[in-house]
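What the coordinates show
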Amino acid sequence: MKNSSWLIRGLLPLFGLALFLIVWQVVAGFYNPVLVPSPVETGLALFFLAVSGQLWEQIHLSIIRGLTGFGLAVVVGTPLGLLIGLNTIADSLFRPLVVVLQVTPLISWLLLAMIWIGFSKVPVFVVFVTTMPLIIINTIQGAKSVDRQLLQMAITFRVSRRRIIWEVYLPQVIPYLLAGLTAALGTTWKAVAMAELFSVNRGIGAGMAVARMNLETAALFAWTILLIGLGLLTDRMLTYLTQQKLTHWK
Amino acid sequence: MKNSSWLIRGLLPLFGLALFLIVWQVVAGFYNPVLVPSPVETGLALFFLAVSGQLWEQIHLSIIRGLTGFGLAVVVGTPLGLLIGLNTIADSLFRPLVVVLQVTPLISWLLLAMIWIGFSKVPVFVVFVTTMPLIIINTIQGAKSVDRQLLQMAITFRVSRRRIIWEVYLPQVIPYLLAGLTAALGTTWKAVAMAELFSVNRGIGAGMAVARMNLETAALFAWTILLIGLGLLTDRMLTYLTQQKLTHWK
Amino acid sequence: MIRFEHVYKTLGKTKVLQDFSFSAEKSKIICLIGPSGCGKTTILQLLAGLEQVDAGRITGTEGLSISYVFQEPRLLPWKTVADNIAFVLREVVSPDRQQELIRKYLTMMGLYDYWNNYPKALSGGMKQRLALCRALAFPHDLLLLDEPFLSLDIPLRLNLVRQVAGMWRNNPRTIVFVTHEIMDALLLGHRILVLSARPATVLDTVEIQIPLEQRDIGKEPLSTYYTRLLTWLKDESVSKADSTR
Amino acid sequence: MIRFEHVYKTLGKTKVLQDFSFSAEKSKIICLIGPSGCGKTTILQLLAGLEQVDAGRITGTEGLSISYVFQEPRLLPWKTVADNIAFVLREVVSPDRQQELIRKYLTMMGLYDYWNNYPKALSGGMKQRLALCRALAFPHDLLLLDEPFLSLDIPLRLNLVRQVAGMWRNNPRTIVFVTHEIMDALLLGHRILVLSARPATVLDTVEIQIPLEQRDIGKEPLSTYYTRLLTWLKDESVSKADSTR
Amino acid sequence: GIRRAGNEKQPAPAETAETPRKIVVQAPLAPATAPLFKIVKDGLLQGTGLELIIYKSVEEATARVVKGEADFTILPVNVAAKLYNRDVKISLANVSTWGILYLVSVDGSVKKWEDLKGSELYVGARGSTPDVLTQYLLRRSGLPEGSVKLTYLGSPEIAQLMINGLIKNAVLPEPLVTQVLLKNQQARVISDFFADWQKLEGKTTRLPQAGMIVRNEFARSYPIAVTGFQRAYTEAMEWTVTNPEKAALLVEANLQIPAPVFVKSLERTRLQFATGSKAKGDVQIYLTRLLEFSPDMVGGKIPDEKFFLVD
Ligand SMILES: Nc1ncnc2c1ncn2[C@@H]1O[C@H](COP(=O)(O)OP(=O)(O)OP(=O)(O)O)[C@@H](O)[C@H]1O
Ligand SMILES: Nc1ncnc2c1ncn2[C@@H]1O[C@H](COP(=O)(O)OP(=O)(O)OP(=O)(O)O)[C@@H](O)[C@H]1O
Ligand SMILES: [Mg+2]
Ligand SMILES: [Mg+2]
């Protein structure tokens, strides 16, 4: 049993990857590399980025920015989501705010962000603003799905409101929060790249902007693959962490 | 009781709105309208857009595009999420796909979308590609949180796999799905605007692109407000629908 | 003295209590016996303040520290056996005393070996016992017990009944005790209320003057009470069988 | 004939069954009595195929249609009372027959008036009865009952015991029945297994030859069986009290 | 008629006739597009339809070019060279835009490039023509890399910040320069890239910034149509330059650029038609400079003779 599950978890994705690369290579054959570079060309572009030293510098910056924005969103979004989920008044007051955060497009944010916080922090701001609603919405839904019987129990035994939130609400909100975090972390890298593309000189997004300008589609693909790698990496880490720490009692 | 809750639900948001408008007006006073137009100027811009007839035509298009992409994402994402949540093999195969969808930035998609599906469908595609991961991730988490005791019961009584999915899994996945749908619907309007801004000549996003080129910040804000209105409207509708239909047994 | 005065309570569309009155003397054990679905749990929820009356009033519960064994175990699945008890003790008892109480009650219930287990690893009866531990360990003025000995084997149940009686003798407080076991009611109750089917009315009030430690089920005079209660319940059974057919 | 042959089962780190064997005759009612946490529920889960043995084997359950009253009600909260029963009948019974069965069993359990209610509006005992309805309505060759009469008043319980006995007489099938009530075991069991504390072993096997319809608890010879069982359980209680102190 | 981008393009039917049924032209939201509206309005291409696609991003335009879905496309000259060097079968049909970039400042003390030393300069997208030309001019003005801090941002955002006085120095294209000058009284044009270019490269050279490319296959199949189109474009461009007010109305209707802004901006937008071969000299100098500066800007090498469409 354990053996075969290892095989499945290990080999299947590899097989999927191989299939994908073959299809890609075939498709690329039909187009000019300006439109669709082949996997080989993309690989070469990636290699050149790496040897030129650009790669590490840019990725490094983007990671810091992404994680800062994401971290802020978690720190602000989780309590806010709980508050909205628990309190009707907070719901009325903040719910529209969440929608505003979610719906306002980058262009409109850019203007305001530039005034308020200066350019260099725009990527952090954009990540914050795009990921926070995902966390808030999931936390709200989690808080609303809390078992009333357990709440009644805690109230009867006069457990303090603070501890009820930490020890009764939070553990039940966690699966929802996890969904929110997974979604938010995925979005983070995209948002960083987007914001960098618009506003700053360095980072993965800036690299993409240059590649795009020069019609170096292979480099653009290389950066995209880096982003995807980053996304997969953080997704795995999140999964690993949560399985270890958060849901061991299930 | 009922009276006061009505007051809270009705008046508080209005009060919040009023406060917001006042702050906005004051802030706008410090800046040139090209940077921060006042609420009044924005209102006027909105009015002109409305009388010029542009408004309805563009909004109409954006709504159709948004809802098409969102609808597709729901139809494809929900079963896919369930599948991944229920099946380890599907998890290994499709999980990376979800991350890819989530992490790949608009620029990279645009390139591919323009080749594969033609320009006019780019916004629908972009909405599909940005909202589907949100729905999938939430559905996965929902499927993983299903009560094992109820499953055992259904299996013992030899209920068919199809009915177990519909009648045991789905009702438990619904709160998670709702969080996913809420997040996705919010993101929909932003994604539509973004994609239109980059790729097509009509729709809200195209209106924003023109406003940006011409430095008509008031018009840009007006379009943003329309987007926010659209977001609030659909959010309310979703909340209403689900409270009526989906969670009446709680 | 706790009193229900002309209490009305509707849950959803079900009229559960209609003009319902009774009183429970301070520091005595009162037992509620009645058919399934008659409103016993509802009475406890009202006493605990978890539901509000529609009309009438409840007096004598103000400011009381309440401990409650719910009809379901209501354990926190993400906390270990010991932490489920510590959860309710944290704010009312010093850390040392917490450990002491947890040790004492887990031992009493035969759960000491499961200190670090999570509730999912407990059997049905063990969960029930843990819920009982939690309620007994929590310092209280009023104890609400909703079928606390469910899923327990007879000797264990009798043992626990004896333990509760002992605790009451050491430190008498008001206990409201819902059960379907006549034996448990006879062994623990100072006053036994026999309730009718919904809407609940008090069919009979049995006062038992014998001290708890002298009660013996096989012998007079307890066996006369037994017969009296059984008659009521048999009657009920007739009327019930009618209504359900 | 259902057989457990030298079955070993560990749950988590708890060795629940160690070299455990017993057999249940076809179309007879077998009762399991034993201390809380000894492994009764685990035995039923193994019979239902919801858990797999670690070693040893279980024979005689292949291809049987199994009906199960779990220790918890396990109702679907998003389905009404009637739909909770229809849920298990949908694929095995025609729509007309479904309605008929639902009507029959809800009436038997006194739940007919709650046809369209959701489970949250039921009391503890009513949920238990609904779970029993569902299991009885489902056509089965093997019926597993894990304390099915929990939270029910005595007359209702006796009534239901009689109903189950009647159903068995009309259509005999194998029933494995876990209970803590000696009375229920005596009224329903053809064979009663007395289990020891964990790891479970069979302490005593009581075969009762009296036909179900002739059993009367007050009278000989049933009362001799009562005494025999009680002795075992009392012994158990001693050993138990030792181990928990 | 004018076709909006976003409508599906049917593959052009293989035509054997001398003239195609219609010509597909791609153009950006920019001044060089104005003459095309005139062509459409007056039906200057007798007998042949003109389908005009307004594109929003260079990717969009290049995607169509590579897929062969547009016959003519207005593009920056260096992008045309990049496409050519990447084996896309196109030629440069004409050059129409000669310098629309300006150094603008609200800082009274800035009078020439050298005065920027030590200050911050805002430039549109990194790696684009404005960026590279700016760096070239800075270098030639004796300002080595690092002596002026370059910050990149979208051109419209730069304009907005400048109008509000939040930034001091910027490189902007028309018509944004006009917008800034209209809305911020302090803003002045410090330097005209075209003039600077002539100063550095010789009085007779010009700065070729945008032109039109043609699909080679189209040019081979319909030489007469190409000539006809070039002539019509020339006429329409001359009309635009001499009748800015009338052209502005067309632009306002089609591109939603306000008419007064367009009229004003045309003063600083050098619209002048030159066929590909006539512009060859200027283009080669321009591309050579770009190549020296950043090979990626032109696709790695100077395009050969065949890049220029023969008249
Ligand atoms: N998931 C699990 N993980 C670890 N141990 C378990 C698990 N489930 C049950 N156990 C242990 O197995 C033993 C037997 O459990 P089981 O539920 O079969 O008891 P039982 O005889 O049904 O008891 P009761 O009468 O209290 O319901 C118990 O000691 C319990 O602690
Ligand atoms: N949330 C609810 N909504 C509607 N009706 C309810 C609700 N909760 C309980 N009821 C109804 O109220 C009545 C009394 O319920 P209660 O739980 O008090 O009964 P009980 O005496 O505790 O029964 P049992 O012995 O079976 O636990 C029942 O008929 C039940 O159907
Ligand atoms: Mg109850
Ligand atoms: Mg059990």
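Look up: the structure comes first, before these words.
Residues numbered from 1 in each chain as written. Chains lettered and ligands numbered in written order. Predicted model: local features only at pLDDT ≥ 70, side-chain atom pairs only at ≥ 80, totals over all residues. Heavy atoms only, no water.

Looking only at helices and strands, chain A has ten helices and zero strands in total. Helices (α) and strands (β) of chain A occur, in sequence order from the N terminus, as α-α-α-α-α-α-α-α-α-α. Projected onto its principal axes, the C-alpha coordinates of chain A cover approximately 70 × 60 × 30 Å. Taking all 250 residues of chain A together, 59% fall into the buried category. Considering only contacts in chain A between residues 6 or more positions apart, those separated by 24 or more positions represent 73%. For chain A, the accessible surface area stands at approximately 10700 Å², while carbon and sulfur atoms represent 72% of it. Between the centroid of the 17 positive side chains of chain A and the centroid of its 8 negative side chains there is a distance of 12 Å. (Helix = DSSP H or I, 4+ residues; strand = E, 2+ residues; numbered from the N terminus. Buried < 20%, exposed > 50% of the residue type's maximum accessible area, 1.4 Å probe, protein only. Contact = heavy atoms within 4.5 Å. Areas by Shrake-Rupley, 256 points an atom, 1.4 Å probe, with all protein chains shown as cover. Lys, Arg positive; Asp, Glu negative; His and termini not counted. Charge placed at Lys NZ, Arg CZ, Asp CG, Glu CD.)

For chain E, the count of helices and strands is twelve helices and twelve strands. Its C-alpha atoms give chain E principal-axis dimensions of roughly 65 × 40 × 35 Å. Looking at the 311 residues of chain E, the share that counts as buried comes to 61%. Taking all contacts inside chain E whose residues are at least 6 apart in sequence as the whole, residues at least 24 apart take part in 77%. Here chain E holds 38 positive side-chain charges and 33 negative ones, and the gap between their average locations is 1 Å.

Mapping chain A onto chain B is achieved by rotating through 180° and translating by 0.0 Å along the same axis, at an RMSD of 0.2 Å. Both chain copies can therefore be described as sitting about a two-fold axis. When each C-alpha of chain A is compared by its distance to the rotation axis, Tyr176 of chain A comes out closest, at 3.5 Å. Comparing interface residues between copies, 100% of those in chain A also sit at the interface in chain B, which points to an isologous, same-surface contact. (Least-squares fit on C-alpha atoms with pLDDT ≥ 70 in both.)

All names here are of chain A. Between helix α4 (residues 88-103) and helix α6 (residues 122-144), whose axes approach to 8 Å, the crossing angle comes to 140°. With respect to each other, α4 and α6 are oriented oblique. For α4 against α6, the interelement crossing comes out left-handed. Residue-level contacts link Asp91, Arg95, Val98, Leu101 and Gln102 of α4 to Val129, Met132, Pro133, Leu134, Ile136, Ile137, Ile140 and Lys144 of α6. Among the residues making up the contact of α4 with α6, the classes are represented as nine nonpolar, one polar and three charged. (Axes fitted to C-alpha atoms, helices over the stretch in contact; angles between N-to-C directions. Parallel < 35°, antiparallel > 145°, perpendicular 65-115°, else oblique. Left-handed = near helix turned anticlockwise from the far one by under 90°. Nonpolar A, V, L, I, M, F, W, Y, C, P; charged D, E, K, R; others polar.)

Here we come to the sheet that holds strand β7 (residues 174-178) of chain D. Residue and element names in this part refer to chain D. Ordered by their spatial adjacency, six strands build an open sheet running β5-β6-β7-β3-β8-β9, and the pairing between neighbours is mixed. What marks the edges here is a single partner per strand, and that holds for β5 (66-69) and β9 (202-207). Strand-to-strand twist in this sheet, taken as the mean axis angle between neighbours without regard to direction, amounts to 15°. As paired elements, strand β6 (residues 142-146) and β7 share five bridges and run parallel to each other. Pairing of Leu144 across the sheet is with Val176, part of β7. Contacts from helix α4 (residues 124-137) reach β5 and β6 within the one sheet, and its direction differs from that of β5 by about 175°. (Pairing = 2+ DSSP bridges.)

Here the focus is the interface of chain A and chain C. Contact with chain A, which involves 18 residues of that partner, is made by 26 residues of chain C. Carbon and sulfur atoms make up 61% of the area that chain A and chain C hide from each other, which totals about 2100 Å². Inspection of the chain A/chain C interface yields three salt bridges. Salt-bridge contacts for Lys79 of chain C lead to Glu167 of chain A; the nearest nitrogen and oxygen are separated by 2.9 Å. Along the contact surface separating chain A from chain C lie eight residue pairs in polar contact (both at pLDDT 80 or more). Among the elements of the structure, α7 (148-156) and α8 (161-199) of chain A are those that each provide at least two residues to the side of chain A that touches chain C. When residues of the side of chain A that touches chain C are assigned to their parent elements, the largest contribution, six residues, is made by α7 of chain A. For the side of chain A that touches chain C, the class distribution of residues is eight nonpolar, six polar and four charged. (Buried area = accessible area lost by both parts, 1.4 Å probe. Salt bridge = Lys/Arg side-chain N within 4 Å of Asp/Glu carboxyl O. Polar contact = N/O pair within 3.5 Å; in protein donor to acceptor, adjacent residues only side chain to side chain.)

Moving on: the sheet that holds strand β1 (residues 2-11) of chain D. All names here are of chain D. Ordered by their spatial adjacency, three strands build an open sheet running β2-β1-β4, and the pairing between neighbours is antiparallel. For this open sheet the edge positions go to β2 (14-24) and β4 (55-59), each flanked by a neighbour on one side alone. For this sheet, the mean angle separating the axes of adjacent strands, direction not counted, is 25°. Examined bridge by bridge, β1 and β2 share seven bridges and lie antiparallel to one another. Following the sheet pairing, Leu11 is matched in β2 by Thr14. Each of β1, β2 and β4 touches helix α1 (residues 40-47); the most contacted strand, β1, lies at about 115° to it.

A few words on empty space enclosed by the protein. Here the structure, examined in full by the defined rule, presents seven cavities of 30 Å³ or more. Of the pockets and cavities examined, the second largest cavity occupies roughly 390 Å³. Around the second largest cavity, the lining is made up of 22 residues, and of these Thr130, Thr187 and Lys190 of chain A together with Thr130 and Lys190 of chain B lie nearest the centre. Breaking the lining of the second largest cavity down by element, the ones donating at least two residues are α5 (106-117), α6 and α8 of chain A together with α6 (122-144) and α8 (161-199) of chain B. Residue composition of the lining of the second largest cavity, by class: 13 nonpolar, seven polar and two charged. (1 Å grid on protein atoms, 1.4 Å probe; cavity = no way out; pocket = protein on both sides within 12 Å on 5 of 7 lines; lining within 4 Å. Points joined across faces, edges and corners; volume = space filled by probe spheres on them.)

The coordination sphere of the magnesium ion (ligand 3) contains the protein donors Thr41 of chain C (OG1) and Gln71 of chain C (OE1), at a distance range of 1.8 to 2.2 Å. Taken as a pair, Thr41 of chain C in helix α1 (residues 40-47) and Gln71 of chain C in the loop between β5 (66-69) and α2 (81-89) lie far apart in primary sequence, 30 residues in all. (Donors = N, O, S within 2.8 Å, 3.2 Å for Na, K, Ca; no water.)

What follows is about the site of ligand 2. With respect to spatial proximity, 22 residues lie near ligand 2, and among them Thr41 and Thr42 of chain C together with Ala121, Ser123 and Gly125 of chain D are the closest. Around ligand 2 the close residues trace back to chains C and D. Between ligand 2 and Gly37 of chain C, the relevant distance is 2.7 Å, taken from an oxygen atom to a main-chain nitrogen or oxygen of the residue. A distance of 2.7 Å is found between an oxygen atom of ligand 2 and a side-chain nitrogen or oxygen belonging to Gln71 of chain C. (Near = heavy atom within 4 Å.)

All right, on to the environment of Phe128 of chain B then. Residue and element names in this part refer to chain B. Position of Phe128 relative to the elements: it lies in helix α6. Owing to a relative accessible area of 18%, Phe128 belongs among the buried residues under this scheme. Sequence separation between Phe128 and Arg236 is 108 residues; the distance between their C-alpha atoms is 21 Å. Filtering out sequence-adjacent residues up to four positions away, Phe128 remains in contact with Gly69, Leu72, Ala73 and Val76.

On to the site of ligand 1, then. Near ligand 1, the surroundings consist of 23 residues, among which Ala121, Ser123 and Gly125 of chain C together with Thr41 and Thr42 of chain D are the closest. Backbone polar atom of Ala121 of chain C to an oxygen atom of ligand 1: 2.7 Å apart, as the coordinates give it. One of the side-chain nitrogen or oxygen atoms of Gln71 of chain D is found 2.7 Å away from an oxygen atom of ligand 1. Within the residue set of the shell around ligand 1, elements represented by two or more residues are α4 (124-137) of chain C together with β2 and α1 of chain D.

So, on to the nonpolar core. Residues Phe4 of chain C, Phe4 of chain D together with Leu121 and Phe307 of chain E are the most contacted members of the largest nonpolar core, which totals 407 residues. Residues within four places of Phe307 of chain E in sequence aside, it is in contact with Ala80, Ala81, Tyr84, Ile90, Ser91, Leu92, Val283 and Leu287 of chain E. Ranked by size, the runner-up nonpolar core spans 40 residues in total, among them Phe37, Ala225, Ala232 and Leu250 of chain E. (Core = buried A, V, L, I, M, F, W, Y, C linked by side-chain atoms within 4.5 Å.)

Our focus in this paragraph is the arrangement of the chains. The top pair by number of contacts, from a total of six pairs of chains in contact, is chains A and B. Between chain C and chain E there is no contact, and the shortest C-alpha to C-alpha separation is 50 Å. No part of chain D reaches chain E; the closest C-alpha pair between them is 46 Å apart.

On the protein side, the magnesium ion (ligand 4) has Thr41 of chain D (OG1) and Gln71 of chain D (OE1) as donor atoms, found 1.9 to 2.2 Å from it. The exposure class of Gln71 of chain D is buried, given its relative accessible area of 12%.

Before going further, it helps to examine the interface of chain A and chain B. The interface of chain A with chain B comprises 61 residues on the first partner and 62 residues on the second. It is Val103, Ile107 and Lys190 of chain A that lose the most area in chain A upon contact with chain B, and together they represent 11% of the buried surface on that side. Across the pair Arg95 of chain B and Asp235 of chain A runs a salt bridge, and its minimum N-O distance is 3.5 Å. For the pair chain A and chain B, the interface holds nine residue pairs in polar contact (both at pLDDT 80 or more). Mapped by element, the contributors of at least two residues to the side of chain A that touches chain B are α1 (2-29), α4, α5, α6, α8, α9 (204-213) and α10 (217-245) of chain A. Per element, the largest residue contribution to the side of chain A that touches chain B is 14 residues, and it comes from α8 of chain A.

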